[in-house]
Amino acid sequence: MTTLTTPILDVTAANGVTFAYRRFGATGTGRPPLLFLQHFRGTLDNWDPLLVDVLAEDREVILLDNTGVGRSSGRVPVTVAQMARDAIAFLDALEIEGADLLGFSLGGMVAQEVALLRPRAVRRIVLAGTGPRGGKQMHGWTLDIERAANRADGGIEELLHIFFGITETSRALGKEYAQRVFSRTEHPDRPNGPEVARAQYDAIVEWGIPDPGRLARLAGITQPTLVAAGDNDPMIPTVNSQLLADHLPNARLRIFSDAGHGFLFQYPRQFAALVQEFLDAPAR
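Bear in mind the structure is a predicted one, so any value in this text is a computation, not a measurement.

Caption draft 1: Just the sheet that holds strand β7 (residues 225-230), in detail. Spatial ordering of the open sheet is given by β1-β2-β4-β3-β5-β6-β7-β8, a layout of eight strands whose pairing is mixed. Two strands in the sheet have a free side with no partner beyond their single neighbour: β1 (9-12) and β8 (251-256). On average, each strand axis in the sheet is tilted by 25° relative to the strand beside it, whichever way the strands run. Where strand β6 (residues 122-128) meets β7, four bridges bridge the pair, whose relative direction is parallel. What sits directly across from V126, in β7, is L226. Docked against the sheet, helix α3 (residues 106-117) engages β3 (34-37), β5 (99-104) and β6, running at close to 145° with respect to β5.

What follows is the structure, encoded as structure tokens:
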């Protein structure tokens, strides 16, 4: 099975939410599953199939529609903390006692909270294009980004503007990502409506209220953590990845050049190799 052919499964958790998810990849490897936590307005279908399939070659991967997203039931919470509690409820429903986390953008915020709320359930963490609570320049987006990200009928130009750089090389790789992600013919997820965007944006804005004192919370995330970002991210400024790396006790940082918010979709093979190396590295 691959990202483009795996059917959508569902499980009802103790919190009453029926979660939609995809689960596939290499089993029996002794590696914990890798849980993918998605970006603003994203569903199961918005992960780059090339990135996910490479990672699924040597570990089990789980893609999650959190509460109210895609085919999952319920209403999207307006706080990151509640999104994290819902993700924990999902892991409990699948009886997964330990996992690695890969959180992109909003999903990276959720991953941080999961690690703080249920530390024993998290082995290693990948934080991509995200930032800490109370970080810098995260209290809402610039007007052009907000309009493009919330546009109901947004197309390729909005995607390129939000996720990729202004250079022709970055835009060309962005178009290749669009071809991959929009090539699905089987088992599609349900698109998100405007109510999902409103609730998720409220959560992002609340998370980004300037408060340097909140950075001290990161001391509680002691798991090995890979922090990665593009060198010119207009959605979550790259300085926030540096803040994460500076304040997390056990972190390493990688910045991708000529890249924006969607660097992991611009360089899927390189990012997958980096993640594989990090997840399989011997414990210190």
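There is more to say, and it comes next.
Caption draft 2: Examining helix α4 (residues 143-150) more closely. For α4, every residue scored as buried is listed here: I145, A148 and A149. For α4, the angular spread of buried residues about the axis comes to 95°, placing them on one side. Turned more than 90 degrees away from the buried face of α4 sit L143 and R147, all of them exposed. Elements in contact with the buried residues of α4: α5 (156-163).

Caption draft 3: Spotlight on the packing of helix α1 (residues 49-56) against helix α10 (residues 268-280). One can describe the packing of α1 onto α10 by two numbers: an axis separation of 9 Å at closest approach and a directional angle of 30°. With respect to their mutual orientation, α1 and α10 come out roughly parallel. When you trace α1 past α10, the crossing you get is right-handed. Packed against α1, whose contacting residues are L50, L51, V54 and L55, the element α10 presents P268, R269, F271, A272, V275 and Q276 at the interface. When the residues that make up the contact of α1 with α10 are grouped by side-chain class, the tally is eight nonpolar, one polar and one charged.

Caption draft 4: A look at the side chain of Q223. For Q223, the location among the structural elements is in the loop between α7 (194-207) and β7. Since its relative accessible area comes to 7%, Q223 is described here as buried. Here P119 takes part through its backbone oxygen, which lies 3.1 Å from a polar atom of the side chain of Q223. Side-chain polar atoms of Q223 contact the backbone oxygen of V122, separated by 3.4 Å. Apart from the residues lying within four places of it in its own chain, the contact partners of Q223 are A115, P119, V122, R123, R124, I125 and N250.

About the criteria used
Residues numbered from 1 in each chain as written. Predicted model: local features only at pLDDT ≥ 70, side-chain atom pairs only at ≥ 80, totals over all residues. Heavy atoms only, no water. Pairing = 2+ DSSP bridges. Helix = DSSP H or I, 4+ residues; strand = E, 2+ residues; numbered from the N terminus. Axes fitted to C-alpha atoms, helices over the stretch in contact; angles between N-to-C directions. Contact = heavy atoms within 4.5 Å. Buried < 20%, exposed > 50% of the residue type's maximum accessible area, 1.4 Å probe, protein only. Arc of directions from axis to C-beta. Parallel < 35°, antiparallel > 145°, perpendicular 65-115°, else oblique. Left-handed = near helix turned anticlockwise from the far one by under 90°. Nonpolar A, V, L, I, M, F, W, Y, C, P; charged D, E, K, R; others polar. Polar contact = N/O pair within 3.5 Å; in protein donor to acceptor, adjacent residues only side chain to side chain.

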